[in-house]
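Commentary on secondary and tertiary structure
So you can see what is in the structure, the chains are spelled out below.
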Amino acid sequence: MSAPKRHYKIAAIPGDGIGKEVTPEALRALHAAAQRFGFTLEVQNFGFASAEYYAAHGMMMPANWKLLLEGVDAILFGAVGWPDVVPDHISLWGSLVQFRREYDQYVNLRPVRLMPGVTSPLANRRHGDIDMLIVRENTEGEYSQVGGRLFEGTPREIVMQETVMTRIGVDRIMKYAFEQAATRKKHLTAATKSNGIFIAMPYWDERLAEMAKNYPDIRWDKYHIDALAANFVLHPDRFDVVVGSNLFGDILSDLGPALTGTIGIAPSGNINPERVFPSLFEPVHGSAPDIAGQGIANPVGAIWAAQMMLEHLGEGDAAAAMLAAIEHGLADAQTRTRDLGGKADTRTAGEAITAAIASAA
Ligand SMILES: NC(=O)c1ccc[n+]([C@@H]2O[C@H](COP(=O)([O-])OP(=O)(O)OC[C@H]3O[C@@H](n4cnc5c(N)ncnc54)[C@H](O)[C@@H]3O)[C@@H](O)[C@H]2O)c1
């Protein structure tokens, strides 16, 4: 791999609600990492993908959004969705879904890690007991636009929505998952359901077996999605990298973080691995209108998303220091937010992590 270029153009899109409160903390942490590890950041803030932009323009993003983002290396996204923008799906489809499709962000990546200071809903699981990476196919599969309704409102009413799997689409997500496994514990698990969905899923399994031939050092297995969900709860320690189709990956990438505590700390990446387009990093949570404006949101999901961004950009040392700083911040009750039983506000929690990055060894 070539040496990282060490100057990065970042688009920050805070969005709505607590997205505007947690994104500045993630940026503060990124700037501290840049200073400490000797790279430079050029951050441009964008106000679109928000309820305010929608109220003023009747759309979530300007038609020329791609032009505005030209040349950026990555996008740091907060959250979208606000009670004034109805129906709710306008926000998501008018912004995040656009990025995922137009930028071919075919990997949705979610680390699942039981952090210090966080109580798992599973009994007797402690920091370090759960540590996996969910790799979800993000562009095809069950979430296709192929289908429709016929004879609506009549007794002959028919509704169809097809699953679409392409060789390119399945192979590239398998390759990505095997490559992630190669950098971790060399174990890949795939979610399937070839006993029930007996056309598409055997194909998924076939491509998995074919791709596995390129990675003889990696142990791999597959589980039917129902059994896999049960095993996530019963034996989460069995899994390291887990790959799923769009629907199965969607379910697993919520189940995994649920096993490791609060939604306030979970991050995700929407990744274009070939780097033809920028990748987008965001906390898993939404805009949380119920707590927005109070300064109490947990900034860890956003900071951890920024950490994933650094990993993606090739700043491995900074990313490792940032993850250690997040663990440090969470371990101390004084710097944990209320959703984790602490008293810290967003800023205090964020600053503790930033300070740990700045003083990283
Ligand atoms: N990726 C995204 O941008 C995204 C994801 C999910 C939901 N949404 C949107 O966000 C809006 C609100 O959705 P919702 O309420 O279902 O989900 P939400 O994630 O915003 O909130 C769910 C619950 O978790 C709490 N919570 C979330 N993040 C937190 C944090 N960082 N710290 C402390 N507590 C936190 C909230 O207070 C709320 O009680 C909706 O418009 C929805 O469509 C956007």
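First, a word on what this report is: a plain description of the structure on this page. The structure presented is a predicted model; accordingly, all values stated were derived computationally and were not measured.

1. Things to note about the pattern of salt bridges
As enumerated under the stated definition, the model contains 20 salt bridges in all. Among the ionic pairs, Asp-226 bridges to Lys-193, the shortest N-O distance being 2.9 Å. Pair noted here: Asp-226 is in helix H8 (residues 225-234) and Lys-193 is in the loop between strand E8 (187-192) and helix H7 (200-212), with a separation of 33 residues, a long-range link. Look at Asp-226 and you get partly exposed, because its relative accessible area is 45%. Beyond isolated ion pairs, a larger network of salt bridges with shared partners links Arg-113, Asp-131, Arg-184, Asp-240 and Glu-327.

2. Quick word on a nonpolar patch on the surface
Side chains of Leu-150, Phe-151, Ile-158 and Met-160 sit close together on the surface and give an oily, nonpolar patch of about 350 Å² of accessible area. Tracing the backbone through its elements, the reader meets Ile-158 in strand E7 (residues 158-161).

3. Considerations on the sheet that holds strand E1 (residues 7-15)
Pairing in this open sheet of ten strands is mixed, and the strands run E2-E1-E3-E12-E11-E4-E5-E10-E8-E9 from one edge to the other. Of all the strands in the sheet, the pair left with one neighbour each is strand E2 (40-45) and strand E9 (219-224). In this sheet, adjacent strand axes meet at a mean angle of 20° when their direction is disregarded. Examined bridge by bridge, strand E5 (residues 131-137) and strand E10 (residues 241-244) share four bridges and lie parallel to one another. Note that in E10 the partner of Ile-134 across the bridge is Val-242. The strands touched by helix H1 (residues 19-37) within the sheet are E1, E2 and strand E3 (74-79), with E3 carrying the most contacts at an inclination of about 145°. Along the sheet, helix H9 (residues 246-259) makes contact with strand E4 (107-113), E5, E8 and E10, crossing E5 at roughly 155°.

4. Side note on unusual backbone geometry
In this structure, Pro-87 follows Val-86 across a cis peptide bond, with omega equal to -10°. Structurally, Pro-87 can be placed in the loop between E3 and helix H4 (89-94). Backbone geometry at Lys-186 places phi at a positive 60°, although glycine is not the residue there. Topologically, Lys-186 is positioned in the loop between helix H6 (167-182) and E8.

5. Some remarks on the site of the ligand
Contacts to the ligand come from 21 residues, most closely from Asp-88, Gly-286, Ala-288, Asp-290 and Asn-298. The separation between an oxygen atom of the ligand and a polar main-chain atom of Ala-288 is 2.8 Å. Here a nitrogen atom of the ligand and a backbone polar atom of Asn-298 are 2.9 Å apart. Expressed as a share of its isolated accessible area of 800 Å², the protein-covered part of the ligand is 69%. The residue inventory of the shell around the ligand, partitioned by class, reads eleven nonpolar, six polar and four charged.

About the thresholds
Residues numbered from 1 in each chain as written. Predicted model: local features only at pLDDT ≥ 70, side-chain atom pairs only at ≥ 80, totals over all residues. Heavy atoms only, no water. Salt bridge = Lys/Arg side-chain N within 4 Å of Asp/Glu carboxyl O. Helix = DSSP H or I, 4+ residues; strand = E, 2+ residues; numbered from the N terminus. Buried < 20%, exposed > 50% of the residue type's maximum accessible area, 1.4 Å probe, protein only. Patch = residues over 30% accessible without salt bridge, like charges linked within 9 Å, V, L, I, M, F, W, Y side chains within 5 Å. Areas by Shrake-Rupley, 256 points an atom, 1.4 Å probe, with all protein chains shown as cover. Pairing = 2+ DSSP bridges. Axes fitted to C-alpha atoms, helices over the stretch in contact; angles between N-to-C directions. Contact = heavy atoms within 4.5 Å. Near = heavy atom within 4 Å. Polar contact = N/O pair within 3.5 Å; in protein donor to acceptor, adjacent residues only side chain to side chain. Nonpolar A, V, L, I, M, F, W, Y, C, P; charged D, E, K, R; others polar.

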